[in-house]
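Examining the three-dimensional arrangement
So you can see what is in the structure, the chains are spelled out below.
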Amino acid sequence: MTKLSVEKLSKEFPTPAEPLRVLTEVAFSLNSGENLSIVGPSGCGKSTLLHIIGTLDTPTAGTVELDGINPFALVPKELAAFRNEKIGFVFQEHYLLPQLSAIENVLVPCLARGRATSEQVDRAKLLLKNAGLTERENHRPHEMSGGERQRVAVARALILNPVLVLADEPTGNLDQDTAEQIGTLLIQMQKNESAMLICVTHSNELAQRFDNAKRLDHGKLMDSNSTATATGK
Amino acid sequence: MNLTKIATQSFIHFWRSNLTIALGVAAATAVLTGALIVGDSMRGSLKQLTLDRLADVDEVLLAQSYFREQLAAEIAATEAFQKNYDLAVPAIMLPNSSAELGDGDDKVQAVAVSIFGCHEDFWKLDATRHLETPKIDEDEIVINRTLADSLGIGSIDENKPIEIGVRLPLQGRVPSESALGKKEELAEFIGELKVVAIIDDHGLGRLSMHPSQLPPRNAYLSLAQLQEVLYANQTENKSDSQQVNAVFISSKNSQNPPTPEISASLAKSIKPSLGDFDLRIQQVTQKFENETIFDYFSVSSDQMIMSDPMAEVIQSALPKAQPVMTYLANRMSVVSENNKRRPIPFSMITAIDFNDDFAPVSAVSGKPIQPIRENEIVLNSWTAEKLDAKIGDEIEVIYFEPETTDGDEVETSIKLKLVDIAKIEPPKEEISDDQPTPFSAPPTLANDPFLTPYVPGLTDAESVDQWDLPFETPGIEKEDDLYWKSYRTTPKAFVCLATGRKHWASRFGSTTSFRVPKEGRDESTIRKIVSNAVSNAEHSLGFELIAIKRQGLKASSGTTPFDVLFLSLSMFVIVAALILVSILFRLSLQQRANQIGILAAVGISDGLITKIWTLEMVLVSALGAVLGVALGVGYAALMILGLRTWWVGAISTPFIELHLGWLSLLIGAVAGTIVCLMTITFSVWRTRKQSIRSLLSGKLETDPTAVRQTGNRSKIIAIAMFILAVVLAGVATQLGGESQAGAFLGGGFFMLAAMLVWVWNQFGHKKTNTNHQHGLNKFAMQALARNPLRSVLTIGLVAAASFLIIAISAFRLSPSVTGTAGFQWVATTEQPIFEDLNNTDVQEKLFGVELEKSSLVLPMRLKSGQDASCNNPYQSTQPRVLGMSKKFVEYFDQDDVQKFSWASKAAKSDLEKQNPWRLLESTDGDTIPVVIDKNTAWYSLKVYTVGSQFDVDFDSGESAKFKVVGFLNNSILQGSLMISEKHFVKLFPQASGYRYFLMNLDDANDARDSDLDLFKQQLSDTGLDLKSSEKLLAGFLSVQNTYLSTFQLLGALGLLLGTFGLAAVQTRSVLERKQELALMRAMGFDRDRLGTFVLIETCLLLLGGLLIGMIAAAFVTLPHWLLTRLSFPWLELLGMFAAILLVGLITAWLSARWISKLPILSALRN
């Protein structure tokens, strides 16, 4: 079974005075098919945690293991391939490429390995269908609403069957109704794909819809209803 | 804290990006400064060459005939000289000479040799160069390096002395083309001259009267030896054998030539003697016992006939002097069937107006003869008796026309009514030159042999059989010889002056002497009057003081302003550098956009923000300009290296050297700073349109997500342009010359535009893509389509640059039949040829055989002058003049002959339209119609339109106003003014014979030597120089072709610089999309893959631009190349584009590499 394991993860940023500690010995694990939401105030280190798990940043201490692999031991080329194969991202900004249609945007991750295969094209169509965007397949981003663009971004995150989907404030730029739809879609598609999903958000409504919810406070991860500074599983 | 401090700190803090911009500024400044330095270098080199060519010679006194060597000392003794001048050295200068080494088949001949007869003082004129003074004794010669090379002489070996011969031009005193002038033996050969030194082509070693970057062929002989040769052949009439034809004068300041005022003062103080002007004054007295029959002063010229300006000066100085025109009649006879008397051969007839001073007594009435009217004649009593002529008889006078045609005397006649008979008294014994003629009865006024001027070989002959005339003298009998012995040149008939001048005046003059009444004056008084008159005459009368150094330095400003030329040629590089500056600055602005946003957000006004940026950029530009000036010197050095090597065709010889002018460096630096600053300020100014929010987020553009769409309209435009391109190309095939190249270029331009519009259409066209299995290439293409305007502009710039670079090849010129009019050879001779070389009798005489029927020689007269073709970078003020012979003009009346190509002409009549050379024969007041090759007119003479008028003052004293009646296109006749023979002989009466020829010579005769060989063998003594007209034309055209190559290479350099700009554009484009690219990294694109993606984008732009440019250029050049069989610089262009591609790829790779290293997180967080 695929498993994400985060152990004693700490992150400090150097400053002229003293190092700024953003994360303190964060630890948790997640199995395939499970999802987790992380909430916390601005600047608490949510995005930093997500970026480290997504291998976009490196920890000062501690380990991350996904599918039995410590990504930080990989050389840059292997790391890129690892990220491409195992992880899907959804950001607050959709970052769709304006020159491409919806389906082409979904297929962009495939280009990291060469050209998109027919199976991948079929899968992109399926994902868009599941996102309710069959009619929008050939539309470009500026021809779509904000919610539709974010749904395309969700489909793009899943195109290569990642074992882990990381969502960084995925509904931050959306109105409440649309945000709800995106949240539903994210969880639904994660369940369908049996992937792990970690979502950091300000939205308690969204966070509560996840199987597991945690809160990050002053760099420490705790259960959402806990106030103690304990690590939690 | 103040604005300057912010700007200074920003300048230091962002040193990397500022340095990049400064390098862009440096590139622009370098090119600007470099071009100015090239101009400085050209002018400086030409000036240096002038100073070198003339050594210490500042002025030269030249004369049309020989004068006393002593005149130099007289000049040196004048006050005007002693105040400002240093040396006055007499010499003989013979520019149209030739030199020979060896003989027979081994003979090597060098033509266009200038021979200087000089003594030791001559070499003092080169004092500043410390030239070792060569000592030249009799039968020794010194030559310069260029002449040595032409003769194949490497060095001198004392053990193996080298001897050469020289052929000097002899100028007949009596003009060659007058009936009595000599047409043969006009050169003297001096052989077995031992070469004692070979001097370098510097200083006096390259002394020449004409500014040219090419060293002349010079030879130096002892003055005494030359004087000896000339005295035996040409100056024997002079009282003093030490004659020269030039005085070289140096001033006290060798670096700065004397001012025009100083020169004028010296010119005024020069007082040649009457003998120097070839004037002869003698008292003519005839007495009988105590009675004076006549006693007057005769003023005549040793040239037999006085030039009209000289006659006018004398006439105005001596108003009562009677002009006399005496001519030689071949025969005189009575027109009557009943009169069977023998015609009187070879008689002098004097044209003079009878008046109170001169009225010979009538043999009929015994009274003074009344003035003769036109068409009337008075015979002397001896002649009347021999002809048995009666008053009222018609007398036929047969004579040679005063000017020869094709070297032949042409006989013509007039019939005049005999109105009286002048009595002459026979002398007691034969006339003697030394003794007064004794008479037994009083002689008459008609008994005056001095009415005939001195003609060497004629008037000094003791008897008729000693006459030395250039023609046969048939029909002379004993009684004629007796007349000669008794009366010598006493005229046998008189006509009035009007009749004489009507028939016997010529371009050489219309007066043979003046009969000056004594009026109580002695000879010295008359001499003084005449001497003052000729010395102070406004007209130079043959003596010219030429301010040669001042003229040379003025001409050093050059035909072509090389700074402007190289600025134009470097325009691609300059524009590319400015675009690069703009791009680099925008890139820097992009990276620092949030700073502007912050400043704006805190309430700093746009003006103040612009000020802060401008201050910082002043520092950046100044840094760039300083770097640029240094680089500019290097760029100029590179250009000069180019001109000395690859582009030497543009300047003929590698004479140019680097000359730095501080003003150019300053102008370059300031201009570079200002231009770059303007570019930068404009970019800052444009940010005012940006919202503070977008600036704060680091964005400079408006919404980049809005992809523009294009419709079918652009497709229609593309198709229309394509059709237009094809139509223009079709039209071009029907045209010729530059209009053909222009039409092809226009076609190519439309082809280029059509392709760019098509690309625009493809970028903007929204297509439903059903095949999504595409790779990075398509992905990159889609990325480019995101901002079609920028992409198409980028492609367009690369395409336009490469199009121009290649297509300009269509303007390369190759020799064509319209440039040579189908003639194979262009020949010049040092000695004039008078005969018609197409005449079979002349051919028999000259070559021993008749030439082939197909051989043709069209002769032209030549007035030597400056080469005004584009081969000579000096500004030409006195170009060479060609007098197009009647034969030449008439030749082009024929329909079936190859014609020259005319760029434009003022033809009105059908004949002029059919043969524009006929325009030369028109008369328009004092202006002389002239045809010029367009290149010569435009670039050297700065004459741009038909109908333009311009004045030329020649050093030989003539002045003329020319009016352009036509321009030739790229012809072999470049570098000359072409006027009709009629105008030529009037303007240059002294330039005799033909020295310039267009020829077709048949060389297919197997039975004997070919016509070409015959010419080479038989005319070598004339200094014949035969040039293949095709090669000559190719030489002219190579200048234009070289400039095109220069333009192409500098264009390629600009494009190369443009590839850096392209990379910068791509970097900027990537920065705008850095979040998307960071996302791709997040999705698992490794650095290489992302780099490849960016690289493909850049390559698509670069290759797309190059490909479109090349296709459009091929559309222009291929048909042009196929039609004109031009040699196309495939290799050069291939090399240039390979270099551009390589540099472009490397730059794109470096840029992609940089981009791929962008931090993902910061991009995503932004």
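1. Some words on the overall build of chain B
- When helices and strands are tallied, chain B shows 35 helices and 28 strands.
- By its C-alpha atoms, chain B is 140 × 65 × 65 Å across when sized along the principal axes.
- Looking at chain B as a whole, 51% of its 1166 residues qualify as buried.
- For chain B, restricting intrachain contacts to residue pairs at least 6 apart in sequence, the fraction spanning at least 24 positions comes to 82%.

2. Considering the packing of helix α2 (residues 15–54) of chain B against helix α13 (residues 548–555) of chain B
Residue and element names in this part refer to chain B.
- Where α2 contacts α13, the axes come no closer than 8 Å and their chain directions differ by 160 degrees. Classed by the angle they form, the pair α2 and α13 counts as roughly antiparallel. Here the hand of the crossing between α2 and α13 comes out right-handed. Only I548, K549, G552 and L553 of α13 make contact with α2, whose side of the interface consists of K47, T50 and L54.

3. With respect to the interface of chain A and chain B
- Each side of the interface is counted separately: chain A has 37 residues, and chain B has 30 residues.
- Elements with a minimum of two residues in the side of chain A that touches chain B: α2 (76–86), α3 (102–107) and α4 (118–130) of chain A.
- Of the residues forming the side of chain A that touches chain B, the biggest block, seven residues, is contributed by α2(A).
- Looking at the side of chain A that touches chain B, its residues break down into 19 nonpolar, 10 polar and eight charged.

4. Some words on the sheet that holds strand β2 (residues 20–31) of chain A
Residue and element names in this part refer to chain A.
- Read across the open sheet, the three strands follow the order β2-β1-β4; overall the sheet is antiparallel. Each of the sheet's edge strands pairs with one partner strand only, and the pair in question is β2 and β4 (61–66). Averaged over all pairs of adjacent strands, the angle between strand axes in this sheet comes to 15 degrees, irrespective of strand direction.
- In this structure, strand β1 (residues 3–13) lies alongside β2, joined through eight bridges in antiparallel fashion. Opposite L4, over in β2, you have L30 as the bridge partner.

5. Details of the nonpolar core
Residues and elements named next belong to chain B.
- Core analysis: the largest hydrophobic core is formed by 273 residues, its most contacted members being A28, A577, L580, V581 and L756.
- If you tally residues by element for this core, the top one is helix α31 (residues 1029–1072), at 19 residues.
- Leaving out residues up to four positions away in the same chain, A577 has contacts with G24, A27, A28, V31 and L1057.
- Ranked by size, the runner-up nonpolar core spans 143 residues in total, among them L125, I164, V174 and I377.

6. Observations concerning the environment of B:V57
Residues and elements named next belong to chain B.
- Along the chain, V57 falls in the loop between α2 and β1 (59–68).
- A count of 25 C-beta atoms within 10 Å places V57 in the buried class.
- Linking V57 and A718, residues 661 residues apart in sequence, is a C-alpha distance of 67 Å.
- If we ignore the near neighbours within four places in the chain, the residues touching V57 are L125, L207, F248, S250, I548 and K549.

7. So, the packing of α31(B) against helix α34 (residues 1130–1156) of chain B
Residue and element names in this part refer to chain B.
- Orientation of α31 relative to α34, taken along the N-to-C sense of each, is 15 degrees, at an axis distance of 9 Å. The orientation of α31 with respect to α34, classified from their angle, is roughly parallel. Considering how the two elements wind past one another, α31 and α34 form a crossing that is right-handed.
- For the contact of α31 with α34, the class distribution of residues is 14 nonpolar, eight polar and one charged.

8. Some details on the domain arrangement of chain B
Residue and element names in this part refer to chain B.
- Along its sequence, chain B is organised into domain 1 (1–51 + 559–702), domain 2 (59–269), domain 3 (279–541), domain 4 (706–822 + 1027–1166) and domain 5 (856–1000).
- Taken over C-alpha atoms, the centre of domain 2 sits 31 Å from the centre of domain 5.
- Between domain 2 and domain 5, the residue contacts involve 10 residues of the former and 11 residues of the latter.
- By residue class, the composition of the side of domain 2 that touches domain 5 is four nonpolar, five polar and one charged.

9. As for the confidence of the model for chain B
All names here are of chain B.
- Averaged over every residue, the pLDDT of chain B is 84; the share at 70 or more is 91%.
- Low pLDDT (under 50) marks residues 702–707, which in the prediction has 12 contacts with non-local residues, meaning those over four places away or in another chain.
- If you check the scores for this complex, the pTM reads 0.72 and the ipTM reads 0.73.

10. Comments concerning the pairing of strand β5 (residues 163–169) of chain B
- Relative to β5(B), strand β2 (residues 85–101) of chain B runs antiparallel, the two being bridged by four bridges. Along β5(B), the bridge assignment pairs B:L101 with B:I164.

11. A look at the sheet that holds strand β8 (residues 212–217) of chain A
Residues and elements named next belong to chain A.
- With mixed pairing, the six strands of this open sheet are ordered in space as β5-β6-β7-β3-β8-β9. The open sheet has two edge strands, β5 (87–90) and β9 (220–223), and neither has a second partner. On average, each strand axis in the sheet is inclined to that of its neighbour by 20 degrees, with strand direction left out of account.
- The pairing of β5 with strand β6 (residues 164–168) spans four bridges and is parallel. Its bridge partner lying in β6, V90 is registered against A167.

12. Describing the environment of B:S976
All names here are of chain B.
- Secondary-structure assignment places S976 in strand β26 (residues 976–980).
- Along the primary structure S976 and D933 are separated by 43 residues, whereas in three dimensions their C-alpha atoms are 7.7 Å apart.
- When sequence neighbours within four positions are dropped, the list of residues in contact with S976 reads A868, P879, R880, V881 and L882.

Calculation criteria
Residues numbered from 1 in each chain as written. Chains lettered and ligands numbered in written order. Predicted model: local features only at pLDDT ≥ 70, side-chain atom pairs only at ≥ 80, totals over all residues. Helix = DSSP H or I, 4+ residues; strand = E, 2+ residues; numbered from the N terminus. Buried ≥ 20, exposed ≤ 12 C-beta atoms within 10 Å, placed from the backbone. Contact = placed C-beta atoms within 7 Å. Axes fitted to C-alpha atoms, helices over the stretch in contact; angles between N-to-C directions. Parallel < 35°, antiparallel > 145°, perpendicular 65-115°, else oblique. Left-handed = near helix turned anticlockwise from the far one by under 90°. Nonpolar A, V, L, I, M, F, W, Y, C, P; charged D, E, K, R; others polar. Pairing = 2+ DSSP bridges. Core = buried A, V, L, I, M, F, W, Y, C linked by C-beta atoms within 7 Å. Domains from an automatic or database assignment. pLDDT = per-residue confidence, 0-100.

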